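Structure assessment
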Amino acid sequence: MGVALVTPFKEDDRIDFGALGKLVDLQLQNGTDYLVVLGTTAETPVLTDNEKKEVADFIINKVQGKLPIVLGVGGNNTHAVVNDLKTKDFTGVDAVLSVVPYYNKPSQEGMYRHFQAIAEATDLPILLYNVPGRTGVNMTADTTLRLARDFKNIAGIKEASGNIVQMDDIIKNKPNDFMVISGDDGITYPLIALGAVGVISVIGNAFPKEFSRMVRLALSGDWENALRIHHDFTELFELLFVDGNPAGVKCMLHAMGYCENKLRLPLVPTRITTFEKIRAVLDHLNIKA
């Protein structure tokens, strides 16, 4: 289980590094296998370049090599992404997560050439990130498999298309060492059953111990106990995203006392009704809210 870390903010909109440190400690102490820094859940589009560097440096220094770091390095300007990979310091970074280009809606060939340029710009392992609900375009199984076969440092994909048939196609036909990783907490259990190797999780921000246990149980074939944990969280899976991400998980973390319930515009906190539902589920799980 990798965890896509949130970026906590203070009420005055500044980054809350004290809260971020506590969240990193929570991951270090509770079974998380790696950290994903500056992904979607981190509200990266609303961070300045300087803030992105501060967040990455803070987490890398805090972790001190105890967990692998996967850094979000993506965009819809291929030349800019390539330039970042060639010129920025990636000391302490173990791999990069790079999203399918958003908004300008490239063809499948355009996606292939985009990731070809990225693969040729770095020796770091690359995780592709397919999330058509955010990018406006889906990278097909054929394109993913073509990239997996053609570039040794393209090590895997975070698949968040929601299309089980597409994911199964990738798992069935991929090279042996290419990793398929769930991009949705709610379908991690069935996707592992198909052959996925784990998840890059949002709910893991709040429940690293429980959700990493579910992943490990499923990977070891203990389906009954893994399913029990999966079912414990099914209501939270829905509540996490009903008002958008990371509004749900920040609401949850606030209820648990880890950070302020603060996002940067254009994102806003969950509705009161969602907050009350989250608090009720946390109470049911015997977690202080």
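Notes on the structure follow. Keep in mind that what you see is a predicted model, and the values were worked out from it rather than measured.

1. Considerations on the packing of helix α12 (residues 247-255) against helix α13 (residues 272-284)
For the pair α12 and α13, the least separation of the axes is 10 Å and the interaxial angle reads 55°. As summarised for this structure, α12 and α13 are arranged oblique, according to the angle between their axes. Both α12 and α13 take part in a crossing whose hand is right-handed. Listed contacts from α13 to G248, C251, M252, H254 and A255 of α12 are F275, I278 and L282. When its residues are assigned to classes, the contact of α12 with α13 shows six nonpolar, two polar and no charged.

2. Let's talk about the packing of aromatic side chains
What the rule picks out here adds up to six aromatic pairs. With a centroid separation of 6.5 Å and an interplanar angle of 85°, the aromatic rings of F211 and F233 are classed as edge-to-face. Placement of the pair is F211 in helix α9 (residues 208-219) and F233 in the loop between α10 (223-232) and α11 (234-241), with a sequence separation of 22 residues. The same class applies to F211 as to F233, namely buried.

3. Focus on the environment of D33
On the secondary structure map, D33 appears in the loop between α1 (17-28) and β2 (34-37). We classify D33 as partly exposed; its relative accessible area is 34%. Note: C-alpha distance between D33 and P208 (175 residues apart in sequence) is 9.5 Å. Every residue in contact with D33, bar those within four places of it in the chain, is listed here: M1, L67, P68 and R216. One polar contact links the side chain of D33 to the main-chain amide nitrogen of M1, over a distance of 2.7 Å.

Definitions and cut-offs
Residues numbered from 1 in each chain as written. Predicted model: local features only at pLDDT ≥ 70, side-chain atom pairs only at ≥ 80, totals over all residues. Heavy atoms only, no water. Axes fitted to C-alpha atoms, helices over the stretch in contact; angles between N-to-C directions. Helix = DSSP H or I, 4+ residues; strand = E, 2+ residues; numbered from the N terminus. Parallel < 35°, antiparallel > 145°, perpendicular 65-115°, else oblique. Left-handed = near helix turned anticlockwise from the far one by under 90°. Contact = heavy atoms within 4.5 Å. Nonpolar A, V, L, I, M, F, W, Y, C, P; charged D, E, K, R; others polar. Phe/Tyr/Trp six-rings, centres within 6.5 Å; stacked < 30°, edge-to-face > 60°. Buried < 20%, exposed > 50% of the residue type's maximum accessible area, 1.4 Å probe, protein only. Polar contact = N/O pair within 3.5 Å; in protein donor to acceptor, adjacent residues only side chain to side chain.

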